[in-house]
Amino acid sequence: MATRKSKALNIEYPSAETVQIIQQSLLSWYQNDHRDLPWRKNTDPYSIWVSEIMLQQTRVDTVIPYYERFMKQFPTIFDLAQATDEQVVKAWEGLGYYSRARNLHAAAKEVVGKYGGRVPDDLITISSLKGVGPYTAGAILSIAYNKKVPAVDGNVMRVFSRLFALTDDIASISTRKKMEKIAEHLIPDDAPGDFNQALMELGAMICTPTSPQCLFCPVQSVCNAYHQGIQEELPRKKKAKPPQEVPVVVAWITCDEYCVVEKRENHGLLRGMWSLPTWEEITEEDAVESLQNICAEKQLSIKDIRIVGKLEHIFSHRHWKITIVAIHLEKKQDQLLSRWKWINIDELEQIALPNVYRKALDLLF
DNA sequence: GACGCGTGGAA
DNA sequence: TTTCCAAGCGT
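Residues numbered from 1 in each chain as written. Chains lettered and ligands numbered in written order. Predicted model: local features only at pLDDT ≥ 70, side-chain atom pairs only at ≥ 80, totals over all residues. Heavy atoms only, no water.

Chain A goes by Adenine DNA glycosylase in an unreviewed UniProt entry, where it is assigned to Thermoflavimicrobium dichotomicum. Database annotation for chain A, UniProt heading Function (unreviewed entry): "Adenine glycosylase active on G-A mispairs. MutY also corrects error-prone DNA synthesis past GO lesions which are due to the oxidatively damaged form of guanine: 7,8-dihydro-8-oxoguanine (8-oxo-dGTP)." What the UniProt record of chain A gives under Sequence similarities (unreviewed entry) is the line "Belongs to the Nth/MutY family." (UniProt positions renumbered as here; feature names shortened; annotations may be inferred.)

A. Spotlight on the protein's contact with DNA strand B. Lining the immediate environment of DNA strand B, one finds 24 residues, of which Gly268, Leu269, Leu270, His317 and Asn355 sit closest. Near-protein atoms of DNA strand B (within 4 Å) split between backbone and bases, with sugar and phosphate holding 60%. Between Leu95 and DNA strand B, the recorded distance is 3.4 Å, taken from a backbone N or O atom to a base nitrogen. Between DNA strand B and Lys241 there is a distance of 3.2 Å, counted from a phosphate oxygen to a side-chain nitrogen or oxygen. Within the residue set of the surface near DNA strand B, elements represented by two or more residues are α10 (173-186), β5 (302-314) and α14 (355-364). For the surface near DNA strand B, the class distribution of residues is 10 nonpolar, 10 polar and 4 charged. (Near = heavy atom within 4 Å. Polar contact = N/O pair within 3.5 Å; in protein donor to acceptor, adjacent residues only side chain to side chain. Helix = DSSP H or I, 4+ residues; strand = E, 2+ residues; numbered from the N terminus. Nonpolar A, V, L, I, M, F, W, Y, C, P; charged D, E, K, R; others polar.)

B. Geometry of the nonpolar core. Core analysis: the biggest nonpolar cluster contains 102 residues, and Trp49, Phe70 and Phe160 have the highest contact counts within it. A domain split of this core shows at least three residues from each of domain 1 (16-233) and domain 2 (244-364). Apart from the residues lying within four places of it in its own chain, the contact partners of Phe160 are Ala165, Leu166, Met179, Ile182, Ala183, Leu186 and Leu199. Core analysis: the second largest hydrophobic core is formed by 19 residues, Val249, Val260, Ile305 and Trp342 among them. (Core = buried A, V, L, I, M, F, W, Y, C linked by side-chain atoms within 4.5 Å. Buried < 20%, exposed > 50% of the residue type's maximum accessible area, 1.4 Å probe, protein only. Domains from an automatic or database assignment. Contact = heavy atoms within 4.5 Å.)

C. The protein's contact with DNA strand C, seen in detail. The immediate surroundings of DNA strand C are formed by 27 residues, with Gln57, Gly131, Thr136, Asp153 and Asn155 found nearest. When the atoms of DNA strand C within 4 Å of the protein are grouped by moiety, sugar and phosphate amount to 62% of the total. The side chain of Arg40 places a nitrogen or oxygen atom 3.1 Å from a base nitrogen of DNA strand C. The separation between a phosphate oxygen of DNA strand C and a polar side-chain atom of Thr136 is 2.7 Å.

D. Fine view of the side chain of Thr136. Along the chain, Thr136 turns up in helix α8 (residues 134-145). Residues in contact with Thr136, not counting those within four places in the same chain, are Glu52, Ile53, Gln56 and Gly131.

E. Structural view of the domain arrangement of chain A. By domain assignment, chain A separates into domain 1 (16-233) and domain 2 (244-364). Spacing between the C-alpha centres of domain 1 and domain 2 amounts to 38 Å. On the side of domain 2, 15 residues touch domain 1, which itself brings 9 residues to the contact. Of all residues in domain 1, the largest losses of buried area upon contact with domain 2 belong to Lys90, Glu93 and Tyr98, amounting jointly to 49% of the total for that side. Counting across the domain 1 and domain 2 interface gives 2 salt bridges. The shortest N-O distance in the salt bridge between Arg358 and Glu93 comes to 2.8 Å. Counting across the interface, domain 1 meets domain 2 through 7 residue pairs in polar contact (both at pLDDT 80 or more). Here the side of domain 1 that touches domain 2 gets 3 residues from one element, more than from any other, and that element is helix α5 (residues 85-92). The class makeup of the residues in the side of domain 1 that touches domain 2 is 3 nonpolar, 2 polar and 4 charged. (Buried area = accessible area lost by both parts, 1.4 Å probe. Salt bridge = Lys/Arg side-chain N within 4 Å of Asp/Glu carboxyl O.)

What follows is the structure, given as structure tokens:
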């Protein structure tokens, strides 16, 4: 017999009675208690889409002002499609995970070009768009089109882990697939969007990572973890590695009212973003000497060079220990690295600069 | 499956 | 101070 390499998910579905209790309790609670968030004013697919991309790995309170500005600047998908990459990334400045902005922009152009600006309403097509994965596809289809598609994010996995006392590692892909099966089983035919949002809202407001507010939980009566008193032990999740420490030198190179900015490579950390000239793996002790050598190679005549500050910045997987070196040049030479460019210091605020460099500039001024 | 990809908030 | 993140996706 030919064996198939699909892992049995071993799902125990709740009874029909339990399903009904969960549906009614959650929907009732959500309709009464849900937060009045800006992306809940309507169910326009484009608006929902933008909000879901911004909310990926990002807190609601952080997203709100960005969302408001973004929707004012790009009210429709046509406005976004017609914008330049620079404009879109600038609107994303400070939000992080900048590939989200580039993917959203590219996908918006694709939707306008191929579908007349109508956001696809089927799972296969919408999932083919850049930056739209299983969660985002489900969120858009259920919230904007009221389709019965699961939208399983970290909130939902935490809620399900507790509700059904599941000990699976929520960091694994197979667990998410299992949760999606359970969600499909739970979503009511008449309110998929509200139900999916209710699950996430519960995870955000009641079934929180630490100190869940079980006494106020609308589904406490059917919560397996609560009855066993193990809600604080769930969900199970494999620990992530701490960010790797890297010594970094950032240069503040000036001449008169100009400074040098650097366009980062199109791969890796902060890909394609503007920055200040940056070198990894140069320690503070070697900072000045290294930059003197680098300037000598480029035949840049230094008027003054000194360490002007230190800064630590932690990305998702790297921990930069930064030494900021100010270099004042004799001449504003044109022959620089291809990725370098002189700009007027006043123009720094017009380019999209990741926060690590904004923090560096704050130290300087 | 594992890792790369930003940021700022909370405990 | 340290840890863990928060409505994930691409490779």
